[in-house]
Amino acid sequence: MAGNSDRYVIRELKEEEVGQVFDMLLEFADYLKASVSNTQDALQRDLFGDTKRCYCLVAECIVDGVYKNQLAGYSLYFPAYNSFTGAILHINDFFVRDKYRGNGVGMLLYQAVAKKAIDLDCQAVDLLVRPSNKKATEFYERMGAVNHTEGVGRHRMRLTRIRMEDLVKTKPFDLANCVSNDL
Ligand SMILES: CC(C)(COP(=O)(O)OP(=O)(O)OC[C@H]1O[C@@H](n2cnc3c(N)ncnc32)[C@H](O)[C@@H]1OP(=O)(O)O)[C@@H](O)C(=O)NCCC(=O)NCCS
């Protein structure tokens, strides 16, 4: 358990802390019984490289008023877009370490992401939660989120990297004459 006098601040991740976030990511995957094929180097590049693909807020635990670089949780998110509604902030990871749970850290972190979304003029904050993850679902509902999938009844369709590569090799597709590489 975290101590009673502990306090928490939510702030941007620093580059030198990517290793700590990667450790939390592995704890998160373990909690979900999911496998991780991403690497710490790739995460570092995608968070802090020339092409930023994602962003991260961390919750830092302050023990007896002292900053000890103890990270209690993190949220990794990126901007998305829905042409029907406008800009969206999509949360990919939302995790509070076991010993810090039940102290309001998750709420602080979720509030901070909501504040980011408002500052970026986003119309929604989205995330996917497994139906079996009842605790997290209840947490998001208490925070005011609604089950959008139930409402709109859509399925997420994923084309994995290997299937992408197969698809673009299929004739008569000709990349050179079809699309530019600018996103
Ligand atoms: C879901 C999760 C992020 C919630 O984080 P958390 O820090 O435990 O959440 P909070 O402490 O803000 O809120 C949890 C509970 O503590 C209560 N609480 C809030 N502030 C509190 C405080 N200062 N003191 C005591 N309890 C408090 C909340 O009311 C809430 O009540 P509940 O027991 O009815 O759930 C966390 O449990 C977690 O990381 N789970 C594992 C990973 C996961 O499932 N992530 C989501 C994947 S989509």
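To keep things clear, this report deals only with the structure shown in the data block.

Cut-offs applied
Residues numbered from 1 in each chain as written. Predicted model: local features only at pLDDT ≥ 70, side-chain atom pairs only at ≥ 80, totals over all residues. Helix = DSSP H or I, 4+ residues; strand = E, 2+ residues; numbered from the N terminus. Contact = placed C-beta atoms within 7 Å. Axes fitted to C-alpha atoms, helices over the stretch in contact; angles between N-to-C directions. Parallel < 35°, antiparallel > 145°, perpendicular 65-115°, else oblique. Left-handed = near helix turned anticlockwise from the far one by under 90°. Nonpolar A, V, L, I, M, F, W, Y, C, P; charged D, E, K, R; others polar. Pairing = 2+ DSSP bridges.

1. Focus: the environment of Tyr 140
So, step 1. Examined against the element boundaries, Tyr 140 turns out to sit in helix H4 (residues 134–143).
So, step 2. For Tyr 140 and Tyr 110, which are 30 residues apart along the polypeptide, the C-alpha to C-alpha distance reads 8.7 Å.
So, step 3. Not counting residues within four places of it along the chain, the set of residues in contact with Tyr 140 comprises Val 129 and Ala 145.

2. Digging into the packing of helix H1 (residues 18–32) against helix H2 (residues 40–48)
So, step 1. Where H1 meets H2, the closest approach of the two axes is 10 Å, and the angle between their N-to-C directions is 120°. Accordingly, the angle class assigned to the pair H1 and H2 is oblique. Two packed elements cross with a definite hand, and for H1 against H2 that hand is right-handed. Residues Val 18, Gly 19 and Phe 22 of H1 touch H2, and the partners they reach there are Gln 40, Leu 43, Gln 44 and Leu 47.
So, step 2. When the residues that make up the contact of H1 with H2 are grouped by side-chain class, the tally is four nonpolar, three polar and no charged.

3. Remarks on the sheet that holds strand E2 (residues 55–63)
So, step 1. The five strands are arranged E1-E2-E3-E4-E5 in an open sheet whose pairing can be described as mixed. Edge positions in the open sheet fall to strand E1 (7–12) and strand E5 (124–126), since each of these has one partner strand only. On average, each strand axis in the sheet is inclined to that of its neighbour by 30°, with strand direction left out of account.
So, step 2. The strands touched by helix H3 (residues 105–119) within the sheet are E1, E2, strand E3 (66–82), strand E4 (86–96) and E5, with E3 carrying the most contacts at an inclination of about 45°.

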